[in-house]
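Summary of structural features
Spelled out, the chains give:
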Amino acid sequence: MLAGSDTEIPGIARPSGARIIAQIKKAGVREIVALPDLVTSDGLLWPISRDPELRLTRVCKEDEGVSICGAMSYNGTRALLLMQQTGLMDSLNAIRAIGVDYGLPVVMMVGLQGKEPHLHPEASSAYGVRIVRPVLDAMELSHSLIETPGDEAHIAQAIDASYAASRPHVFLVGRPPVAP
């Protein structure tokens, strides 16, 4: 199966795209800043692009998205940046400066492109997937994994906590969400 395709993965439960989107809305997020991501496109990006309650802004670079999401927080607008882990790694300096040094609540949902659906990220054969959580830990960035049904339930609470603390939070999407 191609990562991100909506084809079933035999014996592997996946999170619900509809539940993820509902939790994003529950947290008061109406602005989605995104770059294409194979893991989340079918279950999140395309449904978000058709949702009249959400505004999608497409950007060319992930660090651009970090800046936009951070800037939106100044006027009380909640935003979420949707990207894959390669972009997360490319934008670590922007996340450090804007999210940590300036103390802005940049919330990111990151598809773990190349991760095997039956393995935890740290056990992946993909080096870029394997190092994501240790890098986030080293940067003292809060993060959580969205991989199985039920993992969606904590999204609104984590977004609220990010905005309350004015600190970044990274949701790592380990399996392609089921399209609504």
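This write-up is about the structure you can find in this document. In this text, all values refer to a predicted model and were calculated from it rather than measured experimentally.

1. Side note on the packing of helix α3 (residues 62-73) against helix α5 (residues 92-101)
Running from amino to carboxyl end, α3 crosses α5 at an angle of 10°, the nearest separation of the two axes being 9 Å. Put simply, α3 runs roughly parallel to α5. From α3, Asp63, Val66, Ser67 and Gly70 reach across to α5, where they touch Ala94, Ile95 and Ile98. Among the residues making up the contact of α3 with α5, the classes are represented as four nonpolar, two polar and one charged.

2. A word on the side chain of Arg14
With respect to the helices and strands, the residue Arg14 is situated in the segment before α1 (17-26). Taking relative accessible area as the criterion, Arg14 reaches 6% and is therefore assigned buried. At 3.4 Å, the side chain of Arg14 and the backbone oxygen of Pro176 are in polar contact.

3. Details of the environment of Arg78
Tracing the backbone shows Arg78 in the loop between α3 and β3 (79-84). Along the primary structure Arg78 and Val39 are separated by 39 residues, whereas in three dimensions their C-alpha atoms are 23 Å apart. Only 2.6 Å separates the side chain of Arg78 from the backbone oxygen of Ala27, close enough to count as a polar contact. Polar side-chain contacts of Arg78 include one of 2.6 Å to the side chain of Asp160.

4. Digging into the sheet that holds strand β5 (residues 142-146)
Here six strands make up an open sheet; going across it, the order is β2-β1-β3-β4-β6-β5 and the pairing parallel. Here the strands that pair on one side only, and so sit at the sheet edges, are β2 (55-58) and β5. Within the sheet, the average angular offset between the axes of one strand and its neighbour, ignoring direction, is 20°. Strand direction decides the pairing type here: strand β4 (residues 107-111) and strand β6 (residues 169-173), joined by five bridges, are parallel. Looking at the pairing, Gly111 lines up with Val173 of β6. Packing of helix α2 (residues 41-50) onto the sheet brings it into contact with β1 (31-34), β2, β3 and β4, and relative to β2 it is tilted by some 120°. Those strands touched by α3 are β1, β2 and β3, and its axis lies near 170° from that of β3.

5. Here's the deal with the pairing of β1
Remember that side chains alternate between the two faces of the sheet whenever the strand is regular. Of the two faces of β1, the one carrying Glu31 and Val33 and the one carrying Ile32 and Ala34 are both buried. Regarding topology, α2 serves as the crossover connection from β1 to the parallel β2, and that connection is right-handed. Two strands pair when backbone bridges link them, and β1 and β3 are joined in this way by four bridges, in the parallel orientation. Residue pairing in the sheet places Glu31 in a bridge with Ala79 of β3.

6. Comments concerning the environment of Val107
Looking at where Val107 falls in the secondary structure, it is placed in strand β4. Judged by its relative accessible area of 0%, Val107 is buried. The spacing of Val107 and Ala79 is 28 residues in sequence and 7.0 Å in space, taken between C-alpha atoms. Ignoring sequence-local partners within four residues, the contact set of Val107 consists of Ala79, Leu80, Leu81, Ile159, Ser162, Tyr163, His169 and Phe171.

7. Focus on the pairing of β3
Counting buried residues in β3 gives six out of six residues, a clear majority hidden from the surface. Taking every second residue as pointing to the same face, both faces of β3 are buried, with Ala79, Leu81 and Met83 on one and Leu80, Leu82 and Gln84 on the other. Where β3 and β4 come together, five bridges link them in parallel fashion. Pairing of Leu80 across the sheet is with Val107, part of β4.

Cut-offs and rules
Residues numbered from 1 in each chain as written. Predicted model: local features only at pLDDT ≥ 70, side-chain atom pairs only at ≥ 80, totals over all residues. Heavy atoms only, no water. Axes fitted to C-alpha atoms, helices over the stretch in contact; angles between N-to-C directions. Helix = DSSP H or I, 4+ residues; strand = E, 2+ residues; numbered from the N terminus. Parallel < 35°, antiparallel > 145°, perpendicular 65-115°, else oblique. Contact = heavy atoms within 4.5 Å. Nonpolar A, V, L, I, M, F, W, Y, C, P; charged D, E, K, R; others polar. Buried < 20%, exposed > 50% of the residue type's maximum accessible area, 1.4 Å probe, protein only. Polar contact = N/O pair within 3.5 Å; in protein donor to acceptor, adjacent residues only side chain to side chain. Pairing = 2+ DSSP bridges. Right-handed = clockwise from strand over helix to strand, strands pointing away.

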